[in-house]
Amino acid sequence: MRPLSADALAFFTSDRGRNALSSLADLSSGLAGIEALRARGCSADEAAWLLDQANLRQRALKKLGPEGAGLLFTQEALEQASHRAVSEWRFGRLRDALGPAARVLEVGAATGGDTLALARAGLSVLAVELDPIRAGLLRWNVEAAGFTERVEVVEGDATGRSWPDMSAIYADPARRQEGRRTLSLEEGSPRLSALRGIGCAELLVKAAPGLDPDEVPPALGLAFVSLRREVKEALLAGGSLREHFAAAPGEGRAWILPGGHELRGPIDLPARTGPPGAYMFDPDPAVTRASLIRALGQELNAWQLDPRIAFLSGDTAQETPFARCYEVLESGPHRRKTLAAWVRKHEGSRVDVKQRGLRGDPNELARKLPTRKGGPPLTVFLAQTDQGPLAVLCKDAAPAG
Ligand SMILES: C[S@@+](CC[C@H](N)C(=O)[O-])C[C@H]1O[C@@H](n2cnc3c(N)ncnc32)[C@H](O)[C@@H]1O
């Protein structure tokens, strides 16, 4: 896919370009599509630009829902856009925190994944984008989505100046620098210090889930957000937004989507450890990232197999949005032969290997286990403990009640 040029943007903004874009849905991709567009009077460049958009719109459907099929993107901007389920949750909370009359300064709006979600949440937005092509696409998208009343688009650098009458700042800094990914908040674009320099205390910043929590300034709180057990983002929040989104000092906070469940608790609890009980719990990765394993253990009356390992075990089955629960079938020191014998005994049809603190490829191990068709799916927890490598073979726990 070629980078989107100023000529392509000018074409998309023209009447001819708009007409061609509105008939994109019935195009096949590849050569046949190009020929169909050429037959409709498009130049070779125009046909190629349109086909690129047709391909991007296909991908956008997954991430942004049906609205994505009517917008314009660059490949990188689409990759950077937030998943719709996450932005809807994030900005629903933001609207509840600020009230519907709030006006949000969005720093670095790109092609508008988050901008449109802010507007859909009912907030009014001043969306600033540095890159002129992206700013042009953003304007196009705001118009296509019918939000020109609620969203003002400004092209330029949002930092290094003040923006009067803003209720809050939202930013999702780019994390790629000269082709390489960065986790540092001070290497993002814009930098966290530049965002704070704008001078609005109400600040919400989306950051990489792999960020270093020690880099978060004390004035900001941190939280982790997962969607269907994948950590999608870290959130940094300042001012009154901290209480709405993020942890207080000494705390962790995790948000589990799509349900919007919240786990919040101290991060310095002493370890409670022990051998496997009747059940195992595999915590949601956002709980682990937020250092809330021990807080969750307290809530579930469960313990760790080892103070460094993020698996929990307990004596009672529990349904919780914060962890998956499994019934223990076998446990003992981890040896491949023993594990194979257990799998044979329980006639597992496949084995999901969850491994912490041990070397070796879990997928390769899973492939080599003697499974047979028709049996139950099994899960094995493998963990390094002070007593050596431990294996716990489980099946899914029946839902409580
Ligand atoms: C990760 S993208 C935002 C993606 C967006 N949240 C979405 O969901 O589509 C970050 C954007 O910030 C823009 N940007 C970086 N520094 C900026 C600055 N100082 N002022 C305005 N925009 C900036 C970049 O050009 C880029 O488009």
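Conventions used here
- Residues numbered from 1 in each chain as written.
- Predicted model: local features only at pLDDT ≥ 70, side-chain atom pairs only at ≥ 80, totals over all residues.
- Heavy atoms only, no water.
- Phe/Tyr/Trp six-rings, centres within 6.5 Å; stacked < 30°, edge-to-face > 60°.
- Helix = DSSP H or I, 4+ residues; strand = E, 2+ residues; numbered from the N terminus.
- Buried < 20%, exposed > 50% of the residue type's maximum accessible area, 1.4 Å probe, protein only.
- Pairing = 2+ DSSP bridges.
- Salt bridge = Lys/Arg side-chain N within 4 Å of Asp/Glu carboxyl O.

Draft legend 1. Representation of the packing of aromatic side chains in the model. Overall, the coordinates contain seven aromatic pairs when judged by the stated rule. Here the aromatic rings of Trp89 and Phe245 are separated by 6.1 Å at their centres, their planes lie at 90°, and the arrangement is edge-to-face. Taken together, the residues Trp89 in helix 6 (residues 84–98) and Phe245 in helix 10 (residues 241–245) connect sequence positions 156 residues apart. Phe245 gets classed as buried once you look at its relative accessible area, which sits at 0%. Here the aromatic rings of Phe311 and Phe381 are separated by 4.9 Å at their centres, their planes lie at 85°, and the arrangement is edge-to-face. Within this pair, whereas Phe311 is found in the loop between strand 13 (303–304) and strand 14 (312–314), its partner Phe381 is found in strand 17 (residues 377–385), the two being separated by 70 residues in sequence. The same class applies to Phe311 as to Phe381, namely buried.

Draft legend 2. Molecular detail of the pairing of strand 11 (residues 261–266). Pairing analysis gives six bridges linking strand 10 (residues 251–257) to strand 11, with the strands arranged antiparallel. Within the sheet, the bridge partner assigned to Ile256 lies in strand 11 and is His261. What sits between the antiparallel neighbours strand 10 and strand 11 is a turn of three residues, in which Gly260 has the positive phi angle 75°.

Draft legend 3. Structural detail: the pattern of salt bridges. Counted under the stated rule, the structure contains 31 salt bridges. A cluster of three or more residues bridged by salt bridges with shared partners is formed by Arg229, Asp282, Asp352, Lys354 and Arg356.

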